[in-house]
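Overview (structure and organization)
Given next are the chains, with one letter for each unit.
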Amino acid sequence: MKITAIDSCVLTVPTSRQMALEFAHHKLVVAEIATDEGIRGLGYSFIFGGGGAESVLVYLETRLKPLLLGEDPRSVESLWEKMYRGDRGVRRVGIAGMALSALDIGLWDIAGKAAKLPLYKLWGAVTDRVACYGSGGWGKYREADLVAEAERYAGMGCAYYKMKIHDPDPLANRKRVETVKKALGPGVRMMVDVNQRLDVEGNIRQARQLEDFDLVWYEEPVSSDDNFSCALVSESIAIPVATGENHYNRYEFRDLIERRAARYLMPDVCRANGFSETLRIARLAAAHGVQVSPHVVYEISIQVSGAIPNGFLVELMDWMPPDLFEELPLCKDGHIRIPDRPGHGMTLHKGAIAKYRSAGG
Ligand SMILES: [Mg+2]
């Protein structure tokens, strides 16, 4: 089997309520990989808020795509190495990591389809059903918006809800968390997300205000470049730290693990160099007793979670319009059943590219 063409573009996809209060849209860099045997793979990188999507597309098209044309798409590991080592001067973090991720996801989609297996089974299934948490709670939400969103997820059976703590005043964040906690009652546990906004002292001060809420985790406390400070926060606060959505490869995750900087790691398959590297990160975490909770894109992250013994929750953000994907996996009783379709199981809705393709993308 040989790769004959890769068609790529940027989709700009508007968000639905409540997320539209914070983000008008997200973007997807899509790569459709065609083969001489008729099997096609869908790869994409989900660009949260859309920033940098056009750059991801240019790197994918000009530097990575030429490395794949004519190759056997089932040799995913070999092609991953070829892409990862393609430009010595461009590290596969940030823009380039997102571009490689999209293609790796598309290659695995073909490998699964060729094997007639969903990826989680190809990788040795652990479970066919993954628990999820409702995620949102953005800083621009009023308290009524927060509660409405949290209750919507609870109505889907989610036993966990995550919200942002973006107010500069730690007491204001405490008040918002308390409001949601009271509305949800004892059946739902919560997480909070700093999104890299504080320094070490700021986090210690903030976490102290939240320790009595029995939070599952305290997420991304400091800049994702600064594992040293993340470790300081982790050893200084009483809430387990989670991080990793802005870490890009096994070496960055190894550093987090060695520093004991987090108890939960959150690789994003669309950033952390695709399914291939995310699986390596997950196995490295398993060897150190650390749990893995993949960041967003739950519709394909579930394939990874279904194949690892140390998976803990996938992140459900219900922002997508119904005409983006065919057969989006839905949350039922707080769980998402992994599709039994070959590959990662996701297909763009037939009109999605025509409808959402960005001008010039
Ligand atoms: Mg986060």
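Rules used in this analysis
- Residues numbered from 1 in each chain as written.
- Predicted model: local features only at pLDDT ≥ 70, side-chain atom pairs only at ≥ 80, totals over all residues.
- Core = buried A, V, L, I, M, F, W, Y, C linked by C-beta atoms within 7 Å.
- Buried ≥ 20, exposed ≤ 12 C-beta atoms within 10 Å, placed from the backbone.
- Helix = DSSP H or I, 4+ residues; strand = E, 2+ residues; numbered from the N terminus.
- Domains from an automatic or database assignment.
- Pairing = 2+ DSSP bridges.
- Arc of directions from axis to C-beta.
- Contact = placed C-beta atoms within 7 Å.
- Axes fitted to C-alpha atoms, helices over the stretch in contact; angles between N-to-C directions.

1. Description of the nonpolar core
Side chains of nonpolar character tend, in soluble globular proteins, to be buried together. Among the nonpolar cores identified, the biggest contains 115 residues, and V29, C132 and Y161 are the most heavily contacted of them. Top contributing element to this core by residue count: helix α3 (residues 95-115), with 12 residues. Counting contributing residues, this core receives three or more from each of domain 1 (3-117 + 351-356) and domain 2 (121-347).

2. Here we look at the pairing of strand β4 (residues 129-135)
Counting buried residues along β4, six of its seven residues qualify, which places the element largely inside the surrounding structure. Pairing geometry for β4 and strand β14 (residues 335-337), over three bridges, is antiparallel. By the bridge assignment, V130 is partnered in β14 with I336.

3. Quick notes on helix α9 (residues 250-258)
Of all the residues in α9, the buried ones are R250, F253 and L256. For α9, the buried positions fall inside an angular range of 115° around the axis, keeping them on one side. Of the exposed residues in α9, the ones pointing more than 90 degrees away from its buried face are Y251 and E258. Buried residues along α9 sit in contact with α8 (227-236), β8 (241-243), β9 (264-265) and α10 (274-286). Following α9 by one or two positions, R260 adopts a phi angle in the positive range, close to 55°.

4. Some remarks on the sheet that holds strand β3 (residues 40-47)
Strands sit in the order β1-β2-β3 across an open sheet of three strands; the sheet is antiparallel. The sheet is open, and its two borders are formed by β1 (3-14) and β3, each paired with just one other strand. Recorded for the sheet is a direction-independent mean angle of 20° between the axes of neighbouring strands. Here helix α1 (residues 53-68) sits on the sheet and contacts β1, β2 (25-35) and β3; the angle it forms with β1, its principal contact strand, is near 170°. Contacts from α3 reach β2 and β3, with the element oriented near 150° to β3.

5. A short note on the domain arrangement of the protein
You can read the domains of the protein as domain 1 (3-117 + 351-356) and domain 2 (121-347). Its C-alpha centre places domain 1 at a distance of 23 Å from the equivalent point of domain 2. Secondary structure elements with two or more residues in the side of domain 1 that touches domain 2: β1, β3, α2 (76-84), α3 and α12 (352-356). Of all the elements, α3 adds the most residues to the side of domain 1 that touches domain 2, at 12 residues.

6. What about α8?
Three or more residues of α8 are buried, namely N227, C230, A231, L232, V233 and S234. Next to the buried residues of α8 lie α7 (200-208), β8 and α9.

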